[in-house]
Amino acid sequence: MERTIVLTHGWFDGETHHAEDAALLIESGVIQQVLCADREQFPHLLPDGWDVNLPIREAAYVMPGLVEAHCHLLLDGGELEFKKRSDYLKSDRDTMLSSGRSQLAANLQHGITLIRDAGDIHGINHQIREEIATGTSVAPTLRSPGVAIRKKGRYGSFMAREVADRESIAATVEEIAQTADDLKIVLTGIIDFEHGCVKGVPQFDREELGLLVDNARLCGRSTFAHCSGEAGLNLAVDVGVDSIEHGFFMTEEVLQKMADKNIAWVPTFSPVHFQWAHPELAGWNVETVGHLSRILDRHRTMLELASRLGVPLIAGSDAGSYGVKHGAALLDEIDFMTEAGVPLEQVLRGATSLPRKLWGCPSADIATGNKADLILLAGSPFDDPANLRELIAVYKDGWFEPENQYVEGGKGAIASGDVKYSKAC
Ligand SMILES: [Zn+2]
């Protein structure tokens, strides 16, 4: 029986921020008790069998492990040479697997303990999911859709299998659902940055999308749809996919329906933000940068409205996309969501408890009886959101300490091994 005490000056339980001292008693990976007490009081409140000679870890802040709701482990978002990116997609399986493992590790390095992959045609996502399940080291849990589904000849070749007609939809969904955790649908094209609009009409019509969603449900799978542009968004909410991914060119009418039907939104600012911030890499001219700027402005306005309407907002970065690095990008995405005006507590719910709830995953909320799935930070994100980057340790079926930890003596830093019981701050 392994026991650890985690002392913290503040914590987010998955729903609510607590600006008070606490001691978390963790036994064999389960949170036995959350004692609201400062460092002088807690030793007197410990139950039988617990004392201050047990291993103690200290943090300024504790919260559930983060969730990355949309990424492609297959792809390295940090690779900025277009030729290398396209050559990579022709490389052998071992090369892709080794890259995927590195991307998985990068997620853990940033405190992410649950990932939903958003599709790859090579099944690298499924294979890594299998490696995690059979491995013994601390790793994020991976939800994998395997391959996504797209219309024949349309966008999404790196991630999706083609279906040609209505007849083949049911059989294809049934086959993919056998191993998929969720069904990923590529409903629209990507954004044409030069013209500031979405390319083409939606890939599927109403009847076809209905078949995809209904057949996925029959197989017990929820659906998440790559979808931007008014036509696709209206279709997605009318048919009732479970989650809209990207959702650029959002409208108030669509948001209202999403709130009514409890359809989640994963706004993925990161890939578009990168294009806007680094126009020289793709050679965008002033006019295109203007389109990017307007697209991002509207996205911020719509996200803030969505937050007030009660749309379930989920954090996902689309890591693997050009310029969008696994792990770090989720923290950027959290910043983009808060900068749009969504309250930090709501953003953090969307990066911890809400996706777990919507996907039927075990709760990682910091509460008695839950499995410990948490991160220790050297500062409170409610003091400064940048403190989400000050990761001390992750607990998920064991402790993990990231490389390049916070700078010793730096902002919010706590000397490791410091177990003296200072006054509560
Ligand atoms: Zn994606």
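Everything here concerns the structure above.
Residues numbered from 1 in each chain as written. Predicted model: local features only at pLDDT ≥ 70, side-chain atom pairs only at ≥ 80, totals over all residues. Heavy atoms only, no water.

**Q** Would you explain the side chain of D335 in this entry?
**A** Tracing the backbone shows D335 in helix α12 (residues 328–339). D335 has contacts with P385 and R389, leaving out every residue within four places of it along the chain. (Helix = DSSP H or I, 4+ residues; strand = E, 2+ residues; numbered from the N terminus. Contact = heavy atoms within 4.5 Å.)

**Q** Sorry if this is basic, but what is going on with the packing of aromatic side chains here?
**A** Following the criterion strictly, the structure yields seven aromatic pairs and no others. Between F12 and F382, the aromatic rings sit 6.3 Å apart at their centres with planes inclined by 35°, giving tilted as the arrangement. Of this pair, F12 sits in strand β2 (residues 11–12) while F382 is found in the loop between β19 (373–377) and β20 (391–396), placing the two residues 370 residues apart along the sequence. Looking at F12, the relative accessible area reads 0%, which means it is buried. The exposure class assigned to F382 is partly exposed, which follows from its relative accessible area of 26%. Ring geometry for F269 versus F336: centroids 6.1 Å apart, planes at 45°, classification tilted. Of this pair, F269 sits in the loop between β18 (264–266) and α9 (270–277) while F336 sits in helix α12, and the two are 67 residues apart along the sequence. This pair shows no difference in class: F269 is buried, exactly as F336 is. Through a chain of ring-to-ring contacts, three or more aromatic side chains come together here, namely F12, Y61 and F382. (Phe/Tyr/Trp six-rings, centres within 6.5 Å; stacked < 30°, edge-to-face > 60°. Buried < 20%, exposed > 50% of the residue type's maximum accessible area, 1.4 Å probe, protein only.)

**Q** Looking at this structure, how should I read the sheet that holds strand β6 (residues 56–59)?
**A** The strands that make up a sheet pair up through hydrogen bonds in the backbone, lying either parallel or antiparallel. Pairing in this open sheet of four strands is mixed, and the strands run β5-β4-β1-β6 from one edge to the other. Each of the sheet's edge strands pairs with one partner strand only, and the pair in question is β5 (30–35) and β6. On average, each strand axis in the sheet is tilted by 20° relative to the strand beside it, whichever way the strands run. Judged from the six bridges that link them, strand β1 (residues 3–8) and strand β4 (residues 22–27) form a sheet pairing that is antiparallel. Counterpart to I5 in the pairing with β4 is L25. (Pairing = 2+ DSSP bridges. Axes fitted to C-alpha atoms, helices over the stretch in contact; angles between N-to-C directions.)

**Q** Would you mind showing me how to read the sheet that holds strand β10 (residues 141–143) here?
**A** Taken in spatial order, the three strands line up as β8-β9-β10 in an open sheet, and their pairing is parallel. Each end of this open sheet is capped by a strand with a single partner; those strands are β8 (66–71) and β10. Strand-to-strand twist in this sheet, taken as the mean axis angle between neighbours without regard to direction, amounts to 20°. Pairing geometry for β8 and strand β9 (residues 112–117), over four bridges, is parallel. Within the sheet, the bridge partner assigned to V67 lies in β9 and is L114. The strands touched by α12 within the sheet are β8 and β9, with β8 carrying the most contacts at an inclination of about 95°.

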